[in-house]
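Listed here are the chains, written in short residue letters.
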Amino acid sequence: MKWYIAKRILWTFVAVWIALTFTFALVTASPNQGEMQAMMSCATSGDDPAECREQYRERQGLDTPVTERYVNYMVNMATLNWGWSDSRSQAVIPAILDAWKFTAQYAIPVLILSTLIGYGIGLYSAYKPYTVTDYAGSFVAFFGISIPNFWFAIVLIMLFGVNINALPVYYQSGIPLEYGWISVKNFLQLVLPITVLLTASLAWQMRYSRAQALEQMNQEFVKVAKAKGASQYRLMIHHVLRMAAVPLSTSFVGSLLAIFWSGSVIIEQIFAIPGLGYMTYTAIVEQDTALILATTLLTVFLAILGNLLEDIAYVVLDPRIDYGNR
Amino acid sequence: MSSDYNDISFEDIEWDSQDVSTFALTRAGLVELLSYLTIAALFVYDHYVIENAHPLIFGWDVLSVEWMFLVTIVAMFFHGFYPLYKNTRMRQFYWKRFKKNKMAVIALAWLGFIFVVGILGPVFVDPPQIRFDNRILPPAGVTATINGVEKTGTMQYPFGTSAEGRGVLALVVYGMRVSMEVGFIATVFTVLIGSLVGAVAALATAMDIGWMDEVLMRYTDIQSVFPTFMLLLLLTYLFGSKLWMIILLFGFFSWEGVARTVRGEALQRSAEEYIMAAQASGANMLYVVRQHLIPNSANSIIISATVAVPGFILGEASLAFLGFSDPNTFSWGRTIAAGQANIEQAWWISTIPGIFLFLTVLAFYYVGEAMRDAMDPRQEVGGGGGL
């Protein structure tokens, strides 16, 4: 098992290296936005665009051979020197450090709530499949998966902000700094973003836990546990969830991260929350390549890390798996 | 062939397939190939002879995505509808199981409606045009106060107009086509790449070329770790946002699930004796993959494809909402984003396309669920799945 985990960690480094190389290749192969801008501004001010292009390339270190740039890029990435963000006039790493709290303050509650509620309803549905409760659960799940995040957010803003006026609809970043992150005022302005993100993630957790638990329901050990008089709670939590946790753990991080990233860009753009998603959005709008790369890589690294933890959880949770062979 | 679906006997032997070589074509295959060639020829004619200068036929200027959509429709016809139509027993069997799920039948009808209107609608409905004399009109019969002026909607614009004076109905109809194009083209790419990779990986294992399987599946693992949405944001930023490119990117970065499913299925199959028999009678790798492995994994492929379509539709709408999709298309996401600015006085601009988007995605999930129940023999259909 130790050997498996060591191999798995080594593989993580390979994956990180491939991700870095891939993004480097993409940026090198694509038309350079900054270069075009430099040429454009030169052309409008009457200078020779070709000369400006050379100057720009020299300034950005693009006149050196690709191999040298690749080595530089890798060294910079490894030493956490991720570049300078033009749009924020700030180095990239401090910018991320500023922004992540705004994302975490709603992402972590959503993660906890969706897992607890989603698994709860999913297991309950699996305990009594094809009943009215199960159908209602299915409907809620389909509703949550299908409703477009951005549209749901707009509809909520329309209902609560315009018609009812009960909740603050646009986020004010001064509030957590003034009243503290955990305060009623900050919580109130997070209700709508949390609701929007919760619908999607809750739905996935519900569907998936129901499907996995249902697979276990026909197993012999369920019959034995029932025959021994295990209560519904004990049966589902101690026996079924314990078994379903193995397949559930393998898709947990991947599917949730996917929902969270796309969700955070949209939600933060709509509610004006200055977190990582909003940073990505403004970076693209303002063509800030260093920041876009950083946010993309951050998501990739988190996904790779999550994948590693999943795989380790897998062998820890299920001792039957022959990890020597993988 | 018996029409009684309960008659599952193994007495029907397809003697025709006895002498088929890898590259031999059936009649349907020939028609399919001819259709592709016709589309390709028209494409070349449109691009190099008349050089996109004027519309190709009947005032319809076929755009690049529409060429891909034509190919997709042909592929779906010959690999989806035609085999179902020909095989009466299979069709009746699946339909009997499918229609147990009432919601799915309604959902299928809705999707049929969206599909037909999406294809034919733009022929009858004029493209949504900017008309400043018609800015922000409410839907027919609704009265609303716009910038202090009270207005009542008329039947000229049944769903009202947007801030630029575009008819919301026309925007919805043109959005249907965009959504169908994105959903189906990307899915066809996904299925094509995914089933090829999966089948080859499984076959490699079966033929003791283990390293090939290892390389393919490790790559699949890495790619599935990449968050597709962020990758799309990066790629559309770097390479520009043409609709056909977004569709291709969706297709190229979403096949991992299909590949894993097909590999799993095909691994089970390739251990079976008919594969050995085929190989013993001289079938090569390509033939085994095409004739045995992929068709026998078809059910799993179709199920995962149905669930992939709504994901692509939502993904494109999200990109469009953020303003990173093709600015020349009337995507639902773009209309919803445009309505956001006037949400306080004109609810219909965002709400109506949103309802269409929501119902379409919901319908795909219901149909996918019912198809899984109908096609997966391991599923019990006793109580009917889902709703």
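Rules behind the numbers
Residues numbered from 1 in each chain as written. Chains lettered and ligands numbered in written order. Predicted model: local features only at pLDDT ≥ 70, side-chain atom pairs only at ≥ 80, totals over all residues. Heavy atoms only, no water. Helix = DSSP H or I, 4+ residues; strand = E, 2+ residues; numbered from the N terminus. Buried < 20%, exposed > 50% of the residue type's maximum accessible area, 1.4 Å probe, protein only. Contact = heavy atoms within 4.5 Å. Lys, Arg positive; Asp, Glu negative; His and termini not counted. Charge placed at Lys NZ, Arg CZ, Asp CG, Glu CD. Areas by Shrake-Rupley, 256 points an atom, 1.4 Å probe, with all protein chains shown as cover. pLDDT = per-residue confidence, 0-100. Phe/Tyr/Trp six-rings, centres within 6.5 Å; stacked < 30°, edge-to-face > 60°. Lys NZ or Arg CZ within 6 Å of the ring centre and 35° of its normal. Buried area = accessible area lost by both parts, 1.4 Å probe. Salt bridge = Lys/Arg side-chain N within 4 Å of Asp/Glu carboxyl O. Polar contact = N/O pair within 3.5 Å; in protein donor to acceptor, adjacent residues only side chain to side chain. Axes fitted to C-alpha atoms, helices over the stretch in contact; angles between N-to-C directions. Left-handed = near helix turned anticlockwise from the far one by under 90°. Nonpolar A, V, L, I, M, F, W, Y, C, P; charged D, E, K, R; others polar. Pairing = 2+ DSSP bridges. Patch = residues over 30% accessible without salt bridge, like charges linked within 9 Å, V, L, I, M, F, W, Y side chains within 5 Å. Core = buried A, V, L, I, M, F, W, Y, C linked by side-chain atoms within 4.5 Å. Arc of directions from axis to C-beta.

(A) The arrangement of the overall build of chain A in detail. Secondary structure summary: chain A contains 13 helices and two strands in total. Referenced to the eigenvectors of the C-alpha coordinate spread, the extents of chain A come out at roughly 85 × 60 × 35 Å. Across the 326 residues that make up chain A, the buried fraction comes to 46%. In chain A, once contacts between residues fewer than 6 apart in sequence are set aside, the share between residues at least 24 apart is 73%. Treating the 20 positive side-chain charges of chain A as one cloud and the 21 negative ones as another, the clouds have centres 20 Å apart.

(B) Molecular detail of the overall build of chain B. Counting its secondary structure elements, chain B contains 14 helices and two strands. When the accessible area of chain B is evaluated, it comes to approximately 19000 Å², of which 64% is carbon and sulfur surface.

(C) Expanded view of the confidence of the model for chain A. Summing up the model confidence of chain A, the mean pLDDT is 83 and the portion of residues at 70 or higher is 96%. Between the elements of chain A, mean pLDDT differs from a low of 72, seen in helix H2 (residues 33–45) of chain A, to a high of 89, seen in helix H5 (residues 92–127) of chain A.

(D) Layout of the packing of aromatic side chains. One pass over the full model with this rule turns up 30 aromatic pairs over all chains. Look at Tyr174 of chain B and Phe330 of chain B: their rings are 5.9 Å apart centre to centre, the planes differ by 80°, and that puts the pair in the edge-to-face class. Placement of the pair is Tyr174 of chain B in helix H5 (residues 168–206) and Phe330 of chain B in the loop between helix H12 (298–322) and helix H13 (332–340), with a sequence separation of 156 residues. The class for Tyr174 of chain B is buried, based on a relative accessible area of 16%. A relative accessible area of 17% places Phe330 of chain B in the buried class. Taken together, Trp110, Phe113, Phe159, Trp332 and Phe356 of chain B form an aromatic cluster joined through their ring pairs. Above the plane of the ring of Phe142 of chain A lies Arg207 of chain A, whose end atom (NZ or CZ) is 4.9 Å from the centre.

(E) Local environment of the interface of chain B and chain A. Taken together, the contacts link 44 residues of chain B with 50 residues of chain A. Where chain B abuts chain A, roughly 4500 Å² becomes buried across the two surfaces, and 80% of that area is made up of carbon and sulfur atoms. It is Met230, Tyr237 and Phe358 of chain B that lose the most area in chain B upon contact with chain A, and together they represent 17% of the buried surface on that side. Counting across the chain B and chain A interface gives one salt bridge. A salt bridge links Arg207 of chain A to Glu369 of chain B; the shortest N-O distance between them is 2.8 Å. Across the contact surface, chain B and chain A share four residue pairs in polar contact (both at pLDDT 80 or more). Among the secondary structure elements, those contributing two or more residues to the side of chain B that touches chain A are helix H6 (210–225), helix H7 (228–239), H12, H13 and helix H14 (348–375) of chain B. When residues in the side of chain B that touches chain A are grouped by element, the largest group, 11 residues, is from H14 of chain B.

(F) A look at the packing of H12 of chain B against H13 of chain B. All names here are of chain B. Where H12 contacts H13, the two axes come as close as 7 Å, and the packing angle between them is 35°. When the axes of H12 and H13 are compared, the crossing they make is right-handed. The residues of H13 that touch H12, namely those facing Ala317, Ala320 and Phe321, are Gly333, Arg334, Ile336, Ala337 and Gln340. Split into classes, the residues belonging to the contact of H12 with H13 amount to five nonpolar, two polar and one charged.

(G) Main features of unusual backbone geometry. Residue and element names in this part refer to chain A. The phi torsion at Leu80 lies on the positive side, around 60°, for a residue other than glycine. A positive phi is found at Gln287, a non-glycine position, where the angle reads about 55°. Along the chain, Gln287 turns up in the loop between helix H12 (276–285) and helix H13 (289–317).

(H) Inspection of the packing of H7 of chain B against helix H8 (residues 243–252) of chain B at higher detail. Residue and element names in this part refer to chain B. Where H7 contacts H8, the axes come no closer than 11 Å and their chain directions differ by 145°. Here H7 runs over H8; the crossing is right-handed. The residues of H8 that touch H7, namely those facing Leu232, Leu235, Thr236 and Phe239, are Met245, Ile246, Leu249 and Phe250. Along the lines of polarity and charge, the residues of the contact of H7 with H8 split into seven nonpolar, one polar and no charged.

(I) Focus on the pairing of strand S1 (residues 143–146) of chain B. Residues and elements named next belong to chain B. Burial of S1 is one-sided: the residues Ala144 and Ile146 facing one way are buried, the residues Thr143 and Thr145 facing the other way are not. Of the pairings in the sheet, the one linking S1 to strand S2 (residues 149–152) comprises four bridges and is antiparallel in character. Within S2, the position partnered with Ala144 by the bridge is Lys151. Two successive antiparallel strands, S1 and S2, enclose a turn made up of two residues, where Asn147 displays a positive phi of approximately 50°.

(J) Structural view of a positive patch on the surface. A surface patch of positive charge is lined by Lys96, Lys99, Lys100 and Lys102 of chain B. Note on Lys99 of chain B: relative accessible area 39%, which makes it partly exposed.

(K) A nonpolar patch on the surface, seen in detail. Taken together, Ile108, Leu111, Ile112, Leu113, Leu116, Ile117 and Ile121 of chain A make up a surface patch of nonpolar side chains, about 580 Å² in accessible area. In this structure, Ile121 of chain A sits in helix H5.

(L) Up close: the pattern of salt bridges. Applying the stated criterion to the full structure yields nine salt bridges over all chains. A salt bridge links Arg8 of chain A to Asp311 of chain A; the nearest nitrogen and oxygen atoms lie 2.5 Å apart. Of this pair, Arg8 of chain A sits in helix H1 (residues 2–29) while Asp311 of chain A sits in helix H13; the two residues are 303 residues apart in sequence, bridging distant segments of the chain. Each of the two residues, Arg8 of chain A as well as Asp311 of chain A, counts as buried. Each member of the salt-bridge network shares a partner with another, and the members are Glu214, Arg218, Asp221 and Arg260 of chain B.

(M) Spatial organisation of the nonpolar core. Counting 140 residues, the largest nonpolar core has Phe150 and Phe271 of chain A together with Trp348 of chain B as the members making the most contacts within it. For this core, the element with the highest residue contribution is H14 of chain B, accounting for 17 residues. In this structure, Phe150 of chain A is in contact with Ile266 and Ile270 of chain A together with Ala317, Ser318, Phe321, Gly333, Ile336 and Leu357 of chain B, ignoring residues within four places of it in sequence. Judged by nonpolar contacts, the second largest core, of 14 residues, contains Ala199, Ala202, Ala266 and Tyr287 of chain B.

(N) Local environment of helix H3 (residues 88–98) of chain B. Residue and element names in this part refer to chain B. Turning to H3, its buried residues are Tyr94, Arg97 and Phe98. Projection of H3 onto a plane perpendicular to its axis shows the buried side chains occupying an angular sector of 100°, all on one side. Tucked into the core, H3 has its buried residues touching helix H2 (64–86), helix H4 (102–124), H12 and H14.

(O) Geometry of H12 of chain A. With eight of its 10 residues buried, H12 of chain A lies for the most part within the structure. Turning to H12 of chain A, its buried residues number three or more, namely Leu276, Gly277, Met279, Thr280, Tyr281, Thr282, Ala283 and Ile284 of chain A. Each element contacted by the buried residues of H12 of chain A is listed here: H5, helix H11 (232–271) and H13 of chain A together with H7 and H12 of chain B. At the exit of H12 of chain A stands Gln287 of chain A, carrying a positive phi of roughly 55°.

(P) Region of interest: the environment of Ser231 of chain A. Residues and elements named next belong to chain A. Checked against the element boundaries, Ser231 lands in the loop between helix H10 (220–227) and H11. Judged by relative accessible area, which is 41%, Ser231 ranks as partly exposed. Each C-alpha atom, one on Ser231 and one on Val316, is 27 Å from the other, the two residues being 85 residues apart in sequence.

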